[in-house]
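Survey of secondary and tertiary structure
If you want the building blocks of each chain, they are given just below.
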Amino acid sequence: MPIRLLPPNLINRIAAGEVVERPASVVKELAENAIDAGATRIEIALGEGGQTLVSIVDDGIGMRPDEMELAVERHATSKLPDENLSYIRTLGFRGEALPSIGAVARLKITSRPRPTDKHGADSAWALAVEGGAKGKPEPAAHPFGTRVEVRDLFYATPARLKFLKSARSELAAARDAIERLAMAHPAVSFTLTEDGRSILKLPGVSGEAEAARAERLAAVLGRDFSAASVTINAEREGMTLTGRVSLPTFNKATSVDQFLFVNGRPVRDKLLVGSIRAAYQDVLARDRHAVVALFLDVPPEDVDVNVHPAKAEVRFRDAGMVRGMIISALRHALAAAGHRAATNQNPTSFVTGAFSGTVVPQPHRPTQSVLRLAERIQAPVGAPMPTFPDAASAPTQAFSGLAEAATAFIHEHAYAPTDLETGEVHDELPLGWARAQVHETYIISQTADGLVIVDQHAAHERLVFERIQASLGTGGVARQGLLLPEVVEMEESAAERVLARSEELATLGLMIEPFGPGAIVVRETPALLGETNVQGLLRDLADELEEWGEALALKDRLGEVCATMACHGSVRAGRKLNIDEMNALLRQMEATPRSGQCGHGRPTWIELKLSDIERLFGRR
């Protein structure tokens, strides 16, 4: 077949495939045009999920008839007055949306300029485009603003119709596109209907920018997210990062609820997603994802948005600085949350067996007296942690030093021994007084207005993890020699993987040497772990090294290695503790950053308010 030029209408349809992928793409492009036009009200109506109708009405500046004719031509735009691609401040700029939509569907634009505009008109004009064939503007009736109607999407390219999903799936994608734009532009009112049924209604929010954005996020993501999240506010060399991120214990199975914006533009950028995962790696399991809404404002000349026709990807001039800023801001915010945690389980579900998705209220931060206590009961960095011998051993052997400190704290604050018997609990102890241990796994504690249930293994795992991290920051983890070096046998390939990282493991306090094919001798372990299962620890590390790959340094996975070590060095479920030991653990939790979750992202405690308990028994 000889080389030939394709006809213009076929060129437009091919190009449209890059911009118009599904009805949600049409909704996104047209809504962005409305925002760029200064609209304060955007109404979206869909038919069959957008397959038969997409209608968007706005109160923006509108267009004159001659502008409408240009708007449906390829690469015609009013958003690049100085032809400078390095200084883009609008959501759209390529001039491809309207001609691409008109090439594959039946498009009709009706518009009337505002009277405040110098080109304000007494009447509206309408222009139709069908399968790329453009008509002429005709007089029409319409209020100030613009209406864009798209009917029979992909009728001109039937092959694309086969790839559309169900009406429900297409509606969900369109709603997601609108919600992302709504988060970035809280002052704009959005409504979404399908076949006459109201789907989404988000009134515009006025007032101070940060408060308006917080209210819009609550409206889109729910009040649960607001209660289980922390505020982000950071600035570095002309860049600002704002928004909210969830506590580690408020997480999802997928990253679908991670909303990222660059200069008000919704994006799906691998650099930003990777930065979020790195920030949460010490506090969240690998298969769980945080819920975030982050708004990054960068000088326009430092970001390239002209990467893909859908404008969902960006490139940064200094990607390393952006990544470092995000990781640092998120880690500081999560650390400032202290022992605060969130849970998705409603206390009333104990009766109904259902989950409501509500967040349990959190106690206040520890007072100075609690912080002073923690300094006393936590051994200096490098000192060995208490060991946890067999269950037959005396329970006080595990937390003897901590128990003495907790007792001294009680006497110092003139808490009478009868306080524990009468049930009086002082407000300055957020996690309250330990009352009992059930199933040799959970600590029951009474607070001033309820009770707390603590998972003893998960809680102590976090404490050990933080001490390992602190030791690394002060020159390395202290080691303790084994009286009898332990030989660990495993597959030769697994042993080789671990031995290849022996120098890196030594900085973490784990001294290993080869001991023949498939065998490793362990001579020293981190002192913080006390007596630990060396066999299980090395086998877990071998499995993780296989998953991460040979080229990755342990320092890049330091948080996960520390979490593995902490898990093996923590008090286990099934270990009996006495009241003093349990109280000492609670006091440490109150003064330890991120103690609301273990190193794998699981909650360490939940709280039941007295009012919730009373409702369970019909007292309220």
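This one's a predicted model, so the numbers in the text were calculated from it and none came from an experiment.

**Concerning unusual backbone geometry**
Despite not being glycine, D195 has its phi angle at roughly 50 degrees, a positive value. On the secondary structure map, D195 appears in the loop between strand 8 (189-194) and strand 9 (197-202). Judged by relative accessible area, D195 falls into the exposed class, the value being 55%. Positive phi, close to 50 degrees, is recorded for E237, a residue that is not glycine. Residue placement: E237 occurs in the loop between strand 10 (229-236) and strand 11 (239-246). E237 gets classed as exposed once you look at its relative accessible area, which sits at 64%.

**A closer look at the environment of P300**
Structurally, P300 can be placed in the loop between strand 16 (292-297) and strand 17 (303-304). C-alpha of P300 to C-alpha of V262: the two residues are 38 residues apart in sequence and 9.8 Å apart in space.

**Describing the packing of helix 2 (residues 23-36) against helix 6 (residues 167-184)**
Between helix 2 and helix 6, the shortest axis-to-axis distance is 8 Å and the interhelical angle comes to 25 degrees. One element, helix 2, and the other, helix 6, form an angle in the roughly parallel class. For the pair helix 2 and helix 6, the sense of crossing is right-handed. In this structure, helix 2 uses P23, A24, V27, K28, A31, E32 and I35 to contact helix 6, whose residues at the interface are E170, A173, A174, A177, I178 and L181. Here the contact of helix 2 with helix 6 is built from residues that sort into 10 nonpolar, no polar and three charged.

**Quick word on the sheet that holds strand 14 (residues 265-267)**
Taken in spatial order, the five strands line up as 10-11-16-13-14 in an open sheet, and their pairing is mixed. Edge positions in the sheet fall to strand 10 and strand 14, since each of these pairs with one other strand and no more. If you compare each strand with its neighbour and ignore which way they point, the axes differ by 20 degrees on average. Here three bridges tie strand 13 (residues 258-262) to strand 14, and the two strands are oriented antiparallel to one another. By the bridge assignment for strand 14, V262 is matched with R265. Across the sheet, helix 6 is in contact with strand 13, strand 14 and strand 16; its angle to strand 13 comes to roughly 55 degrees.

**Focus: the packing of aromatic side chains**
In the structure shown here, the tally under the stated rule is two aromatic pairs. When the centroid spacing of 4.6 Å and the interplanar angle of 10 degrees are considered together, the rings of F261 and F295 count as stacked. One end of the pair, F261, is in strand 13; the other, F295, is in strand 16, with 34 residues separating them in the sequence. No difference in accessibility class separates F261 from F295, as the two residues are buried. If you follow R106 out to its NZ or CZ, it ends over the ring of Y155, 3.8 Å from the centre. Here the basic side chain of R587 rests over the ring of W433, its NZ or CZ set 5.7 Å away from the ring centre.

**A look at helix 9 (residues 270-280)**
Side chains that are three or four residues apart share a direction in an α-helix, a result of its 3.6 residues per turn. Taken together, the buried positions of helix 9 are occupied by L272, S275, I276, A278, A279 and Y280. If you check the start of helix 9, you find a side-chain oxygen 3.0 Å away from the backbone N of L271, and it comes from D269.

**Re the pairing of strand 1 (residues 41-47)**
Judged from the six bridges that link them, strand 1 and strand 8 form a sheet pairing that is parallel. Bridge pairing in strand 8 places R41 opposite S189. With six bridges connecting them, strand 1 and strand 2 (residues 53-58) associate as antiparallel partners. By the bridge assignment, G47 is partnered in strand 2 with L53. Connecting strand 1 to the antiparallel partner strand 2 that follows it, the hairpin turn spans five residues, and E48 within it adopts a positive phi of roughly 55 degrees.

**Quick look at the nonpolar core**
Membership of the largest hydrophobic core comes to 54 residues, with the highest contact counts inside it found for I42, I44, L107, V150 and F190. At eight residues, helix 6 tops the list of elements feeding residues into this core. The residues contacting L107, other than those within four sequence positions of it, are V72, L98, I101, G102, L127, A128, V129, V148, E149 and V150. By size, the runner-up hydrophobic cluster in this structure holds 36 residues, among which are L260, V303, L330 and A333.

Definitions and limits used
- Residues numbered from 1 in each chain as written.
- Predicted model: local features only at pLDDT ≥ 70, side-chain atom pairs only at ≥ 80, totals over all residues.
- Heavy atoms only, no water.
- Helix = DSSP H or I, 4+ residues; strand = E, 2+ residues; numbered from the N terminus.
- Buried < 20%, exposed > 50% of the residue type's maximum accessible area, 1.4 Å probe, protein only.
- Axes fitted to C-alpha atoms, helices over the stretch in contact; angles between N-to-C directions.
- Parallel < 35°, antiparallel > 145°, perpendicular 65-115°, else oblique.
- Left-handed = near helix turned anticlockwise from the far one by under 90°.
- Contact = heavy atoms within 4.5 Å.
- Nonpolar A, V, L, I, M, F, W, Y, C, P; charged D, E, K, R; others polar.
- Pairing = 2+ DSSP bridges.
- Phe/Tyr/Trp six-rings, centres within 6.5 Å; stacked < 30°, edge-to-face > 60°.
- Lys NZ or Arg CZ within 6 Å of the ring centre and 35° of its normal.
- Polar contact = N/O pair within 3.5 Å; in protein donor to acceptor, adjacent residues only side chain to side chain.
- Core = buried A, V, L, I, M, F, W, Y, C linked by side-chain atoms within 4.5 Å.

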